[in-house]
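# Close look at the chain arrangement
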Amino acid sequence: HSHFTRHPEQKQPYCKLPAVSLLKPLKGVDPNLISNLETFFTLDYPKYEILLCVQDNDDPAVDVCKKLLGKYPAVDARLFIGGKKVGINPKINNLMPAYEGAKYGLVWICDSGIKVKADTLTDLANQMTEKVGLVHGLPYVADRQGFAATLEQVYFGTSHPRSYLSANVMGIKCVTGMSCLMRRDVLDQAGGLGAFAQYIAEDYFMAKAIADRGWRFAMATQVAMQNSGSYSIGQFQSRMIRWAKLRINMLPGTVVEPISECFVASLLIGWAAHHLFRCDIMVFFFCHCLAWFIADYIQLRGVQGGALSYSKLDYSLAWLIRESLSLHIFLSALLDPTVSWRSSRYRLRCGGTADEIIDV
């Protein structure tokens, strides 16, 4: 965790930082959208452009964009409306005109719910050394009101970074597309952004295409801070099920994933300990779960980088619910191969491509 708490060393002098095109896919408005978006207009960075992308002309996000364009006339920012249909992935379709119109060699694709600090882009660009083709941020969640927010923060501070960081440490390319800085020429060698519109999990296949061409990945020292203004336990659960479906589909090895969850792992290890050392299986189970629970708390504090905005009791409750939900989420994903995303439904095919389901 020292990675996230240390201050980024100034690798390149400020004026030498490479120019960046920010691609921002937007759909709909939530209470935090304007404040999240505004943090990109106030970045402290020498040369970048903001390309705002909205699919529909009557989307309320258009007005939010126009308000910010008016408020920051000195920022190089443009609004693209209408997208370009190149495949089934709605995010890629939405980004296509901006990608084609981008001026700079580095593209930063960053989701609508993310908020940044003034030096976030500097941090990303400093990691983009000569052998690096992609820089990503560990996803985390900002402090927000309510138990659903606590549940999300506990997931993104415990279970998610455990697999995300350990995969990256072991050299497995594990990337989420929430905030990704990439070399445009490398994407163009892979067929450009449009080549990834056939997939729902475009971030996985873009990362794979960059890795397959011999480029290394680097992780930013700052987290990718999600700050969506609309959240609930139901929304969190359906997002987790959607992610699990995609993982099962692209990486068949995912079927053993429940073994890495606390309760299943503790039971298996307890059973083994009972056979080998004649330990009481339930005593071992509870001790192992308790150790896991405490280790998760320490890790959560590390990712948070300071005090949590909720009590230890809230943490305990959120942790218990999250761990209990994990098997249900996994089984739900296993039993139904259709994915609902944005306002469409898709049927996944083996290997990660999908067909859009048109309800007649």
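Scoring rules and cut-offs
- One numbering rule holds for all chains: residues counted from 1, following each sequence as written.
- Since the coordinates come from a predicted model, pLDDT governs what is reported: local features require at least 70, and pairs of side-chain atoms require 80 or more to be given and counted, while whole-chain, interface and lining totals use all residues.
- Side-chain metrics in this entry use all non-hydrogen atoms of the structure; hydrogen atoms and water are not considered.
- UniProt positions are given in the numbering used here, feature names are shortened, and annotations may be inferred rather than shown by experiment.
- Salt bridges, as used here, are contacts in which a Lys or Arg side-chain nitrogen is within 4 Å of a carboxyl oxygen on Asp or Glu.
- Burial classes: relative accessible area under 20% of the type maximum marks a residue as buried, over 50% as exposed, and values in between as partly exposed (1.4 Å probe, protein chains only).
- Here is the rule: rings of Phe, Tyr and Trp (six-membered ring for Trp) pair when centre to centre is within 6.5 Å. Planes less than 30 degrees apart are stacked, more than 60 are edge-to-face, and the remainder are tilted.
- We count a stretch as a helix when DSSP gives it H or I for four or more residues in a row; a strand needs E for two or more, and each element gets its number in order from the N terminus.
- Think of it as a cone above the ring: NZ of Lys or CZ of Arg counts as a charge over the ring if it is within 6 Å of the ring centre and within 35 degrees of the ring normal.
- For a helix, the expected span equals 1.5 Å multiplied by the number of residues minus one.
- Here the arc refers to the set of directions running from the helix axis out to each C-beta atom.
- Should any heavy atoms of two residues lie within 4.5 Å, those residues are counted as being in contact.
- At least two DSSP bridges between two strands are needed for those strands to be called paired.
- Under this scheme, a helix contributes an axis fitted over its contacting stretch, all axes are lines through C-alpha atoms, and angles between N-to-C directions fall in the 0 to 180 degree range.
- Here the angle decides the label: under 35 degrees means roughly parallel, over 145 means roughly antiparallel, 65 to 115 means roughly perpendicular, and every other value means oblique.
- Polar here means any residue other than Ala, Val, Leu, Ile, Met, Phe, Trp, Tyr, Cys and Pro, which are nonpolar, and Asp, Glu, Lys and Arg, which are charged; Gly is therefore polar.

The name that an unreviewed UniProt entry assigns to the protein chain is ceramide glucosyltransferase, with the source organism given as Gadus morhua. On record in UniProt, under Subcellular location (unreviewed entry), the comment for the protein chain is "Golgi apparatus membrane". The UniProt entry for the protein chain carries this comment under Sequence similarities (unreviewed entry): "Belongs to the glycosyltransferase 2 family."

Okay, the pattern of salt bridges next. On inspection of all chains with the given rule, the structure shows 18 salt bridges. Between Glu 152 and Arg 144 there is a salt bridge, with its nearest N and O atoms 2.9 Å apart. A residue is classified by how much of its surface remains accessible, and Glu 152, at 7% relative accessible area, is buried. Salt-bridge contacts for Glu 323 lead to Arg 322; the nearest nitrogen and oxygen are separated by 3.2 Å. Like Arg 322, Glu 323 is buried. Among the ionic contacts, a cluster of salt bridges with common partners joins Glu 49, Asp 76, Arg 78 and Lys 103.

With that out of the way, let us pick up the packing of aromatic side chains. For the structure on display, the rule yields 14 aromatic pairs. The interplanar angle of 50 degrees and the centroid separation of 5.5 Å between the aromatic rings of Phe 40 and Trp 108 together place this pair among those described as tilted. Separated by 68 residues along the polypeptide, Phe 40 in helix H2 (residues 33-41) and Trp 108 in strand S4 (residues 106-110) bring together distant segments of the chain. You can call Phe 40 buried: its relative accessible area is 1%. With a relative accessible area of 0%, Trp 108 lands in the buried category. Seen from their ring centres, Phe 263 and Trp 319 are 6.0 Å apart, and the 85 degrees between their planes marks the pair as edge-to-face. Placement of the pair is Phe 263 in helix H11 (residues 262-277) and Trp 319 in helix H13 (residues 312-335), with a sequence separation of 56 residues. On the accessibility criterion, Phe 263 (23% relative accessible area) is partly exposed. Through a chain of ring-to-ring contacts, three or more aromatic side chains come together here, namely Phe 263, Phe 285, Phe 286, Phe 293, Tyr 297, Tyr 315 and Trp 319. In this structure, Arg 144 is placed above the aromatic ring of Tyr 231, and the distance from its NZ or CZ to the ring centre is 4.0 Å.

We now examine H11. Here H11 contains 16 residues, and its C-alpha end-to-end distance of 21 Å stays within 8% of the 22 Å for a straight helix at 1.5 Å per residue. Turning to H11, its buried residues are Cys 262, Ala 265, Ser 266, Gly 270 and Ala 273. The buried residues of H11 occupy an angular sector of 130 degrees when projected down its axis, which confines them to one face. Taken together, the buried residues of H11 touch helix H12 (281-304) and H13.

Overall, mixed pairing links the three strands, which are arranged S5-S10-S7 in an open sheet. On the outer flanks of this sheet lie strand S5 (114-115) and strand S7 (139-141), each paired with one strand and no other. Both S5 and strand S10 (residues 224-226) contribute to a ladder of two bridges, which runs antiparallel. Within S10, the residue paired with Lys 115 across the bridge is Met 225.

So, about the environment of Glu 38. Looking at the element boundaries, Glu 38 is found in helix H2. Residues Glu 38 and Lys 115 lie 77 residues apart in sequence; the distance between their C-alpha atoms is 8.4 Å. Setting aside residues up to four positions removed in sequence, Glu 38 forms contacts with Leu 68, Lys 71 and Tyr 72.

The contact between helix H6 (residues 147-157) and H12 brings their axes to 8 Å, and the two run at 95 degrees. The pairing of H6 with H12 is recorded here as roughly perpendicular in orientation. Together, Gln 153, Val 154, Phe 156 and Gly 157 of H6 and Asp 296, Gln 299, Leu 300, Val 303 and Gln 304 of H12 make up the contact between the two elements. A per-class count over the contact of H6 with H12 returns four nonpolar, four polar and one charged.

Our next topic: the pairing of strand S8 (residues 179-183). Extensive coverage of S8 is indicated by the burial of five of its five residues. Of the two faces of S8, the one holding Ser 179, Leu 181 and Arg 183 and the one holding Cys 180 and Met 182 are both buried throughout. In this sheet, S8 lies alongside S4 in antiparallel orientation, the contact comprising five bridges. Along S8, the bridge assignment pairs Trp 108 with Leu 181.

What follows deals with the pairing of S4. Successive residues of a regular strand alternate their side chains across the two faces of the sheet. Counting buried positions along S4 yields five of five residues, so the element is predominantly enclosed. Residues of S4 alternate between two faces, with Leu 106, Trp 108 and Cys 110 on one and Val 107 and Ile 109 on the opposite face, all of them buried. In the sheet, strand S1 (residues 20-26) pairs with S4 via four bridges, with the strands oriented parallel. From the neighbouring strand, Leu 22 faces S4, where its bridge partner is Trp 108.

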